[in-house]
Amino acid sequence: GFYDLIDFFLGTLFADIGHFKAFDTPQAFFAADPHQWFFDKQHPELSLKMVSEIEDMPRAVLKMMAHHHEAIDGSGFPKGLKGSVDIPDQAQMVGIISEFMFGIYFGLSGRRQGDEGTVQSAKNFLLKQRQRYSPDIYSAFTDLSSSLFA
């Protein structure tokens, strides 16, 4: 319902704010090299710490923030959870949106060799990682992105 949509919006909005706690400045985050991203794998927990201090923050939002980089194949972080039972659908949705946006950004910035930063290249990037998401979540996202970016 309406409150689920609000929770999803808040989870998407706040999921990655810990990136900026992991780096001194937003510019440092965007200029980071792959080795610095290892430290940044703490950002879900940093985001959670920052937002959990907000009174009455819905539990669903906190779960999305905590698990948006987990993967059903166990390759995610920060806890390496495995299976869709442990990772809420909303968290998987936030994660796939985050991967898609960063796929476009990294392509446009020239940080991935041979990636032109188009919607199609971001979709191709996700296709290679589809095992990280439940088939229903992956299919719903690709259907939606195809209709939005036709």
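Conventions adopted
- Residues numbered from 1 in each chain as written.
- Predicted model: local features only at pLDDT ≥ 70, side-chain atom pairs only at ≥ 80, totals over all residues.
- Heavy atoms only, no water.
- Helix = DSSP H or I, 4+ residues; strand = E, 2+ residues; numbered from the N terminus.
- Buried < 20%, exposed > 50% of the residue type's maximum accessible area, 1.4 Å probe, protein only.
- Contact = heavy atoms within 4.5 Å.
- Areas by Shrake-Rupley, 256 points an atom, 1.4 Å probe, with all protein chains shown as cover.
- Axes fitted to C-alpha atoms, helices over the stretch in contact; angles between N-to-C directions.
- Parallel < 35°, antiparallel > 145°, perpendicular 65-115°, else oblique.

Chemist: Requested: an account of the overall build of the protein, with residues and values cited.
Modeler: Summing up its helical and strand segments, the protein has 9 helices and 0 strands in all. Starting at the N terminus and walking to the C terminus, you meet the elements of the protein as α-α-α-α-α-α-α-α-α. Across the 150 residues that make up the protein, the buried fraction comes to 40%. Restricting the contact set of the protein to residue pairs at least 6 apart, pairs at least 24 apart contribute 57%. Summing over all exposed atoms, the protein offers an accessible surface of approximately 8800 Å²; the carbon and sulfur share of this is 60%.

Chemist: Which residues make up the environment of Val51, and what values go with them?
Modeler: With respect to the element layout, Val51 can be found in helix α5 (residues 43-52). Overall, the relative accessible area of 1% leaves Val51 in the buried class. Along the primary structure Val51 and Met65 are separated by 14 residues, whereas in three dimensions their C-alpha atoms are 9.2 Å apart. Leave out the neighbours within four places in its chain, and Val51 touches Phe14, Ile17, Met57, Leu62 and Met65.

Chemist: Outline the packing of α5 against helix α6 (residues 59-67), listing residues and values.
Modeler: Their axes nearest at 7 Å, the elements α5 and α6 cross at an angle of 155 degrees. Relative to α6, α5 is oriented roughly antiparallel. For the pair formed by α5 and α6, the contact residues are Pro44, Ser47, Leu48, Val51 and Ser52 on the first element and Leu62, Met65 and Ala66 on the second.

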